[in-house]
Amino acid sequence: MNISPVTVILIVLAILVVVTILAGVKTVSQGQQWTVERFGRYTRTLSPGINLIIPYIEQIGHKLSVMETVLDIPEQEVITKDNATVTADGIVFYQILEAMKAAYEVQNLTIALSTLAMTNVRAVIGAMDLDEALSQRDQINRRLLSVIDQATSPWGVKVTRIELRNIQPPQNLLDAMGKQMTAERSKRAEILAAEGEKQAAILRAEGQKQAAVLEAEGRRDAAQRDAEARERLADAEAKATKVVSDAISGGNIAAINYFVAQKYIEAFGKLADSPNQKMIMMPFEATGVVSSLAGIAELAKEIQTRSQSGTAPRPWGDGVKS
């Protein structure tokens, strides 16, 4: 079968048209932006979706992702302000906001960001002491974010976050820090123990003081009560003595016998209660005491009889005279 040259030309033209149409239709995925160059010069940016370009005249320059991207900061050794060497690494989160600047304002964006981050990590940590670098990681992250975000702004890039993953001192420095921490904790434990002993001693002293005060107050109250009891006893004895004196002045012999018998019995009771006495000798005058008791009993009986009959008792002066 012979194909005429005209047919061949038409087939070639048809294929060329199809290829041209396909070359002019571009589909951009979500989260990406493509730059378009016309004869090597940037003209516009293609957004996600179907886009048309002029085949053979325009071409795709760069395909950039505008999603947030994570970039590793390589591990590096950093010398702190107090000449301690630490190893630091981290990660950078960034997002392309302007595809044209990210494509044409900087060459190899990822290498530029990584190098910039490493340089600023050395600068920030190098301006701090070792203790500050280990304890103020949030402050280091904020300073790095501020500096790097400002530096990458002309590139059409927004640095959203920077995190230092690790700040590792050398092993000998870690051992020294461990010994220092152990000594510090031992010191705190000793201080707490001393404070506890101090408080216990103060509480014991306060308790002893309170006990002494209460004991002294008890002795004072007891002495006051004893004094009041002796005062009342003295008043009673004074009144009894006055009554007896009045009776004696009235010539009542029974009252005299009562008073003498009472004192005699008290003295004899004290003699009987003495622990050194094994045998008691009754004096001859004991019979007189018995007679006095008999007179007292007679006097009491007479008073009771007159009280029941309703007559007034005789004055003490009319009693039996011995």
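Just above sits the structure.
Residues numbered from 1 in each chain as written. Predicted model: local features only at pLDDT ≥ 70, side-chain atom pairs only at ≥ 80, totals over all residues. Heavy atoms only, no water.

Engineer: Before we move on, can you summarise the sheet that holds strand S2 (residues 32-38) with the specific residues and values?
Structural biologist: Ordered by their spatial adjacency, three strands build an open sheet running S3-S2-S5, and the pairing between neighbours is antiparallel. Every other strand in the sheet has two partners, leaving strand S3 (41-46) and strand S5 (58-65) as the edge strands with one partner each. The sheet shows a mean angle of 30 degrees between the axes of neighbouring strands, direction not considered. As defined by bridge partners, S2 adjoins S3 across five bridges and the pair is classed as antiparallel. Looking across to S3, one finds that Trp-34 is bridged to Leu-46. (Pairing = 2+ DSSP bridges. Helix = DSSP H or I, 4+ residues; strand = E, 2+ residues; numbered from the N terminus. Axes fitted to C-alpha atoms, helices over the stretch in contact; angles between N-to-C directions.)

Engineer: Outline the packing of helix H3 (residues 109-126) against helix H5 (residues 137-152), listing residues and values.
Structural biologist: For the pair H3 and H5, interaxial distance at closest approach is 10 Å and the crossing angle is 140 degrees. Relative to H5, H3 is oriented oblique. As for how H3 packs across H5, the hand of that crossing is right-handed. Within the contact between the two elements, H3 uses Leu-113, Leu-116, Ala-117, Asn-120, Val-121, Val-124 and Ile-125 and H5 uses Ile-140, Arg-143, Leu-144, Val-147, Ile-148, Ala-151 and Thr-152. (Parallel < 35°, antiparallel > 145°, perpendicular 65-115°, else oblique. Left-handed = near helix turned anticlockwise from the far one by under 90°. Contact = heavy atoms within 4.5 Å.)

Engineer: Which residues make up the packing of aromatic side chains, and what values do they have?
Structural biologist: Enumeration according to the criterion identifies one aromatic pair in this entry. With a centroid separation of 5.5 Å and an interplanar angle of 55 degrees, the aromatic rings of Tyr-42 and Tyr-104 are classed as tilted. In this pair, Tyr-42 is assigned in strand S3 and Tyr-104 in helix H2 (residues 99-104), connecting sequence segments 62 residues apart. Taking relative accessible area as the criterion, Tyr-42 reaches 28% and is therefore assigned partly exposed. Taking NZ or CZ as reference, Lys-63 lies 4.3 Å from the ring centre of Trp-34, over its face. Here the basic side chain of Arg-161 rests over the ring of Phe-93, its NZ or CZ set 4.5 Å away from the ring centre. (Phe/Tyr/Trp six-rings, centres within 6.5 Å; stacked < 30°, edge-to-face > 60°. Buried < 20%, exposed > 50% of the residue type's maximum accessible area, 1.4 Å probe, protein only. Lys NZ or Arg CZ within 6 Å of the ring centre and 35° of its normal.)

Engineer: Let's hear about the environment of Lys-63: which residues, and what values?
Structural biologist: Checked against the element boundaries, Lys-63 lands in strand S5. Taking the C-alpha atoms as reference points, Lys-63 and Gln-33, separated by 30 residues in sequence, lie 6.1 Å from one another.

Engineer: Break down the pattern of salt bridges for me, with residues and values.
Structural biologist: Applying the stated rule across the entire model yields eight salt bridges. Asp-89 is the partner of Arg-165 in a salt bridge, and the nearest nitrogen-oxygen pair spans 3.8 Å. In this pair, Arg-165 sits in strand S8 (residues 157-168) while Asp-89 sits in strand S7 (residues 85-96), placing the two residues 76 residues apart along the sequence. Measuring nitrogen to oxygen at the nearest pair gives 3.5 Å for the salt bridge that ties Glu-98 to Lys-101. For Lys-101, a relative accessible area of 26% puts it in the partly exposed group. (Salt bridge = Lys/Arg side-chain N within 4 Å of Asp/Glu carboxyl O.)

Engineer: Account for unusual backbone geometry, naming residues and giving values.
Structural biologist: Positive phi, close to 55 degrees, is recorded for Phe-39, a residue that is not glycine. When you line up the elements, Phe-39 lands in the loop between S2 and S3. What makes Phe-39 exposed here is its relative accessible area of 68%. Of note, Asn-83 is a non-glycine position whose phi angle comes to about 65 degrees, a positive value. Turning to its location among the elements, Asn-83 is positioned in the loop between strand S6 (69-79) and S7. On the basis of relative accessibility, which here comes to 66%, the residue Asn-83 falls in the exposed class.

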